[in-house]
Amino acid sequence: MTSAAPRAFDDFDDDLELDMAFADPARAQPFPSGDINPREPLQFTAPAGAPTGRPQGMPSANGMAASEGFNPAGALIAGAQTALNQAPIAAAGPGYSLTPAGNIGEVSVPRIAIHVFAERQDTLAAAERAGQDRRLARATTQIRIGGVAAAVEAYRHEPTPPLIVVESQATPQALLHEVDMLAEVCDVGTKVIVVGPTNDIILFRELMRRGVSEYLVAPLQPLQLISAIGGLFNDPAQPFVGRSIAFVGARGGAGASSVAHNTAYAISERIGANTVIVDYDLPFGTAGLDFNQDPLGGVADALGQPDRLDATLLDRMMVRCTDKLSLFAAPATLDTDWDISPDAFEEVTTRIRSTAPFVVLDLPHLWSGWMRKSLISADEVVVVATPDLASLRNAKNMIDLIRHGRPNDAPPRLVLNQVGVPGRPEIPAKDFGAALGVHPSLIIPFDAKLFGSAANNGQMILDAGAKTKAAEAFQTLAQIVSRRELPALSGPKAKGAKPDAAAKSSLLAGLFKKR
């Protein structure tokens, strides 16, 4: 994993700005071989292909333990998420690389009940924060004080939920005894995650042998617990889930749809990844116009029958714009009131995410229950604003709400569009970002002739003006939100290139030339 750290860059182009804000150890006593009593699992259900190696945070040496205050896995995940929040791109050497760390956006937990029995205060706090995360939005999380003993007492009188998370600070031998007691009161099919104080490979293997689904070492991080829960409920029949990127305008006319379509096109054409655009502006969507398409069905048909959607039906509803770009166009008609439930939008988005690595959601400028849910549940949110007071107010409201609803995720991206309109007073980008607490990821210069010509001809900016600053901006934004870099040049041109051609072929390397 490439580390990301801020660095100074020279000769920044004023018209295109890129966001770069990017206890003593002790040995745990291993089990004496005579103290282990191997037994068949009782009523716990271990996941298919349960691991037999190290648990999360487990050192490589058998029996080696870290101190109770140090959790390598938890620290690694926390550090990775911090790097994700602060530095989506890391420049290194002649080229650059994108930081992929900490992305667990693909976790999806079904509508289940999760009971947590914690002993430590930090575990209670981590469980509470995890329960508020968007990835566990469909699950119902109940947190109780007390460890395994409290769980055993509770389930003597009530049925067990699909998942139980129990914490114990007992010794390994006592912990195994507590797990045996818990197994006697659990229903068949219950999954159990045990949180303990010891990094012990032998303890881990004994818990797996007893049917425990996962073993974590305290102290926990919220994302560590979310990842463990998501791993237990991943559908093996549908292992692939694409990354959803939601674009929304801070106000009408900010150009969010144009930014979304051009970014999606750059992901598919420049990065070479299969991408799907979903135009959720049902009465006024412009995706069909921008790509010179006139689909008969599209996203409206999908929203009308979300339960029937499968791979074949989705393929029929999509319009293929290029080899790697598909479109779910909006009907753009006022004949219907489009009274659609929020659950339908969620279901359609979930089904579409199984068709491509990247799904770009073009969201309209309105506010409703499904809009709120779409913004909070997306893996990446891009707020497109213009440098005026109305956009500043609306963007602040949106970003504050999204931050509150996504406490464990990176803040939304901010793109300032239409900057430099002749004769129009504007809020400086620095002041705009300072008021929001989010530095603009990109500043796209105003170019009425280029954008107007591309829109009228049904073209993307990369085709209408490949060497313009706006085209460079969309390529850069595509790399930021996809977390991928442009592929290296190949073929005759690459063979005859100079030694530093690989660096010059990279967009960011060209932007960050030294003086």
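The structure we're discussing is the one just above.
In what follows, the accompanying structure is described. Since the structure is predicted, the reported quantities are computational estimates derived from the model, not experimental observations.

The sheet built from 5 strands is open, its strands ordered β4-β3-β5-β6-β7 with parallel pairing. Edge positions in the open sheet fall to β4 (140-145) and β7 (214-217), since each of these has one partner strand only. If you compare each strand with its neighbour and ignore which way they point, the axes differ by 15° on average. Relative to strand β5 (residues 163-167), strand β3 (residues 113-118) is paired through 4 bridges, and the arrangement is parallel. By the bridge assignment for β5, His115 is matched with Ile164. Relative to β7, helix α6 (residues 222-232) is tilted by about 175°, and along the sheet it contacts β3, β5, β6 (191-196) and β7.

Here we come to the nonpolar core. Judged by nonpolar contacts, the single largest core of 44 residues is most densely connected at Val278, Tyr280, Leu303, Phe328 and Leu363. Setting aside residues no more than four positions away along its own chain, Phe328 makes contact with Val276, Ile277, Val278, Asp279, Gly298, Val299, Ala302, Leu314, Met317, Met318 and Ile352. The next biggest cluster of nonpolar side chains, apart from the first, holds 38 residues, and it includes Ile245, Ala260, Ile271 and Met460.

If you add up the space inside the second largest pocket, you get close to 530 Å³. Considering the residues around the second largest pocket, the lining is formed by 30 residues, among which Ala254, Gly255, Ala256, Ser257 and Ser258 are closest to the centre. When contributions to the lining of the second largest pocket are tallied by element, the ones reaching two or more residues are α7 (256-271), β14 (413-419) and α15 (448-457). Among the elements that make up the lining of the second largest pocket, the one with the highest residue count is α7 (5 residues). When its residues are assigned to classes, the lining of the second largest pocket shows 12 nonpolar, 13 polar and 5 charged.

What follows concerns the environment of Arg403. With respect to the helices, strands and loops of the structure, Arg403 is situated in helix α13 (residues 389-405). Setting aside chain neighbours within four positions, we find Arg403 in contact with Pro411, Pro412, Leu436, Gly437 and Val438.

Between Ala218 and Pro219 the backbone carries a cis peptide bond, its omega angle lying at 5°. Assignment of secondary structure puts Pro219 in the loop between β7 and α6. Even without being a glycine, Ala332 presents a positive backbone phi close to 50°. Looking at the secondary structure, you find Ala332 in the loop between β11 (325-328) and α11 (342-352). Ala332 sits in the partly exposed class, given a relative accessible area of 40%. Look at Trp338: it is not a glycine, yet its phi comes out positive at around 55°. By the secondary structure assignment, Trp338 is in the loop between β11 and α11.

Now for the pattern of salt bridges. One pass over the structure, following the stated rule, counts 21 salt bridges. For Asp409, the salt bridge goes to Arg135, with nearest N and O atoms at 2.8 Å. One end of the pair, Asp409, is in the loop between α13 and β14; the other, Arg135, is in the loop between α2 (121-131) and β4, with 274 residues separating them in the sequence. Here the two residues Asp409 and Arg135 agree in accessibility, since each one is buried. With its nearest N and O atoms 3.0 Å apart, the salt bridge here joins Glu206 to Arg210. Here the salt bridges do not stand alone but share partners, grouping Asp133, Arg134, Arg135, Arg353, Asp379, Arg406 and Asp409 into one network.

Along the chain, the position of Asn262 falls in helix α7. What makes Asn262 buried here is its relative accessible area of 4%. Looking at Asn262, its side chain comes within polar contact range of the main-chain nitrogen of Ile461, at 2.8 Å. Other than its neighbours up to four places away in sequence, Asn262 contacts Met460, Ile461, Leu462 and Phe474.

We now examine the packing of α7 against helix α17 (residues 469-482). Close contact between α7 and α17 brings their axes to 8 Å; oriented N to C, the two are set at 80°. It follows from the interaxial angle that α7 and α17 lie roughly perpendicular. Of α17, the residues touching α7 (which contributes Val259, Asn262, Thr263, Ala266, Ile267, Arg270 and Ile271) are Phe474, Gln475, Leu477, Ala478, Gln479, Val481 and Ser482. Grouping the amino acids of the contact of α7 with α17 by side-chain chemistry returns 8 nonpolar, 5 polar and 1 charged.

As a further point, take the pairing of β6. For β6, a buried count of 6 out of 6 residues is recorded, marking the element as mostly surrounded by other parts of the structure. Burial along β6 is two-sided: Lys191, Ile193 and Val195 and Val192, Val194 and Gly196, pointing in opposite directions, are all buried. Both β5 and β6 contribute to a ladder of 5 bridges, which runs parallel. Of the residues in β6, the one forming a bridge with Ile164 is Val192. Tracing the backbone out of β5, into helix α4 (residues 172-185) and back to the parallel element β6 gives a crossover that is right-handed. Where β6 lies against β7, 4 bridges are found, and the strand directions are parallel. Within the sheet, the bridge partner assigned to Gly196 lies in β7 and is Val217.

Definitions and cut-offs
- Residues numbered from 1 in each chain as written.
- Predicted model: local features only at pLDDT ≥ 70, side-chain atom pairs only at ≥ 80, totals over all residues.
- Heavy atoms only, no water.
- Pairing = 2+ DSSP bridges.
- Helix = DSSP H or I, 4+ residues; strand = E, 2+ residues; numbered from the N terminus.
- Axes fitted to C-alpha atoms, helices over the stretch in contact; angles between N-to-C directions.
- Contact = heavy atoms within 4.5 Å.
- Core = buried A, V, L, I, M, F, W, Y, C linked by side-chain atoms within 4.5 Å.
- Buried < 20%, exposed > 50% of the residue type's maximum accessible area, 1.4 Å probe, protein only.
- 1 Å grid on protein atoms, 1.4 Å probe; cavity = no way out; pocket = protein on both sides within 12 Å on 5 of 7 lines; lining within 4 Å.
- Points joined across faces, edges and corners; volume = space filled by probe spheres on them.
- Nonpolar A, V, L, I, M, F, W, Y, C, P; charged D, E, K, R; others polar.
- Salt bridge = Lys/Arg side-chain N within 4 Å of Asp/Glu carboxyl O.
- Polar contact = N/O pair within 3.5 Å; in protein donor to acceptor, adjacent residues only side chain to side chain.
- Parallel < 35°, antiparallel > 145°, perpendicular 65-115°, else oblique.
- Right-handed = clockwise from strand over helix to strand, strands pointing away.

From the geometry alone we can't say anything about function, so treat these as descriptive.
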